[in-house]
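Summary of structural features
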Amino acid sequence: MAFLELKQVEKTFFAYDSFTTAVEEIDLTIEEGEFISIIGPSGCGKSTLLSLISGLLLPTSGQILLDGKVIQKPTPETGYMLQQDYLFPWLTIKDNITLGLKTLGKTKQEEMNLAFQLLETLGLSDKKDHYPAQLSGGMRQRVALVRMLSTDPKLLLLDEPFSALDYQTKLKLEDLVFTTIRKHKKTAILVTHDIGEAIAMSDRIILLTGRPGRIKQEFILPDDLTVTLPFAVRGDLQFNPLFQKIWKEMESLESESQGDANTV
Ligand SMILES: Nc1ncnc2c1ncn2[C@@H]1O[C@H](COP(=O)(O)OP(=O)(O)OP(=O)(O)O)[C@@H](O)[C@H]1O
């Protein structure tokens, strides 16, 4: 049985006099421990696909199964990390990272240990009594990473988590997120506009067509790159040819993209 399975998934958004099919005919299987990136032209349904996998949205047709069970609503089995950190400004870092645990009724010290261990590993233990506004953008995203992992979800959904950061911080955080996710043997799906980031971080890249997004092509990364830190992958001899190959495919898709919503 596959860890995560998408079967003929379609999502259409209906408005009063129009409809938009964001994704269609999505068949995808992801094994436990895999790191997948989803790339594609702007508006092709990448975020919609993550929302469907998270259970925040339901498919119009088709099915999504996690560990053989149909996903029908958001559950603690799935963690989400977004471009914005959405930390609560009135809570300290400690309270922000333990909020999810408290919501699940996990308030014992041993149930909170993972959160505090992660805070330490990510160099933030001296910030636990600070408020989000006192932290830099990179630190806040590290807190968001801790918050996502502290409830020990099986599946991690990363929706452009580095895109609001400056380039240097982004590269450092890529390494940190990669190491943390691999160390905890999590399955992760990253949505990104950055082909380089997809190559540097994943085992496999899924390229979607323009809207409605369908799977156009899969790129399986060479084994040696998948165990190399993202920053070092960017300097590897295999990086540029891979980048060029995917870039060419992306470029051909940009020109094929459809316009806006269809009118009923
Ligand atoms: N809640 C919604 N209601 C109506 N249409 C929506 C909704 N969410 C997304 N869409 C539409 O679905 C399509 C796909 O949007 P989505 O945000 O998933 O694409 P994306 O690939 O993540 O975009 P980008 O690359 O620009 O971040 C777009 O045409 C968008 O306008």
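Conventions adopted
- Residues numbered from 1 in each chain as written.
- Predicted model: local features only at pLDDT ≥ 70, side-chain atom pairs only at ≥ 80, totals over all residues.
- Helix = DSSP H or I, 4+ residues; strand = E, 2+ residues; numbered from the N terminus.
- Contact = placed C-beta atoms within 7 Å.
- Buried ≥ 20, exposed ≤ 12 C-beta atoms within 10 Å, placed from the backbone.
- Pairing = 2+ DSSP bridges.
- Axes fitted to C-alpha atoms, helices over the stretch in contact; angles between N-to-C directions.
- UniProt positions renumbered as here; feature names shortened; annotations may be inferred.
- Near = placed C-beta within 6 Å.
- Nonpolar A, V, L, I, M, F, W, Y, C, P; charged D, E, K, R; others polar.
- Parallel < 35°, antiparallel > 145°, perpendicular 65-115°, else oblique.
- Left-handed = near helix turned anticlockwise from the far one by under 90°.
- pLDDT = per-residue confidence, 0-100.

Some details on the environment of G45
Topologically, G45 is positioned in the loop between β3 (35-39) and α1 (46-54). With 114 residues separating them along the chain, G45 and D159 place their C-alpha atoms 12 Å apart. The contacts of G45, once residues within four sequence positions are left out, are A22, V23, L208, R211, P212 and G213.

Thoughts on helix α2 (residues 93-103)
Where α2 is concerned, the buried positions are I93, N96, I97, T98 and L101. Of the surrounding elements, those touching the buried residues of α2 are α3 (109-121) and α4 (137-150). Where α2 terminates, the next one or two residues include G105, which has phi positive at roughly 80 degrees.

Section: the sheet that holds β3
Taken in spatial order, the six strands make up an open sheet running β6-β7-β8-β3-β9-β10, and their pairing is mixed. Here the strands that pair on one side only, and so sit at the sheet edges, are β6 (78-82) and β10 (215-220). Going across the sheet, the axis of each strand differs from the next one's by a mean of 15 degrees, ignoring polarity. As defined by bridge partners, β3 adjoins strand β9 (residues 204-208) across four bridges and the pair is classed as parallel. Its bridge partner being in β9, I39 is matched across the sheet by L207.

Concerning the UniProt feature "domain: ABC transporter" (unreviewed entry) in the chain
The positions UniProt marks with the feature "domain: ABC transporter" (unreviewed entry) are residues 4-235. Annotation note: span residues 4-235, helix share 34%, strand share 27%, distance between end C-alpha atoms 32 Å.

Brief notes about the site of the ligand
Around the ligand, the surrounding shell consists of F13, T20, A22, S42, G43, C44, G45, K46, S47, T48 and R211. Elements with a contribution of two residues or more to the shell around the ligand: β2 (18-30) and α1. Sort the elements by how many residues they give to the shell around the ligand and α1 lands first, with three residues. Among the residues making up the shell around the ligand, the classes are represented as three nonpolar, six polar and two charged.

As for the packing of α2 against α4
Packing of α2 against α4 leaves a shortest axis separation of 8 Å and a crossing angle of 25 degrees. In terms of their interaxial angle, α2 and α4 are classed as roughly parallel. The interaxial crossing formed by α2 with α4 has right-handed handedness. Touching I93, N96, I97, T98, G100 and L101 of α2 are V143, V146, R147 and S150, all from α4.

What about the pairing of β2?
As paired strands, strand β1 (residues 4-14) and β2 are joined by eight bridges and run antiparallel to one another. The partner of F13 across the bridge, within β2, is T20. The loop that links β1 with its antiparallel partner β2 comprises three residues.

Some remarks on the confidence of the model for the chain
Looking at the chain as a whole, the pLDDT averages 91, with 96% of positions reaching at least 70. Under the prediction, the complex receives an ipTM of 0.97, its pTM being 0.92.

A few points about the packing of α3 against α4
It is the contact of α3 with α4, at a shortest axis distance of 9 Å, that shows an interaxial angle of 155 degrees. Judged on the interaxial angle alone, α4 and α3 are roughly antiparallel. The chirality of how α3 crosses α4 is right-handed. Seen from α3, the contacting residues are L114, A115, L118 and L119; seen from α4, they are V146, L149 and S150. Of the residues belonging to the contact of α3 with α4, the class tally is six nonpolar, one polar and no charged.

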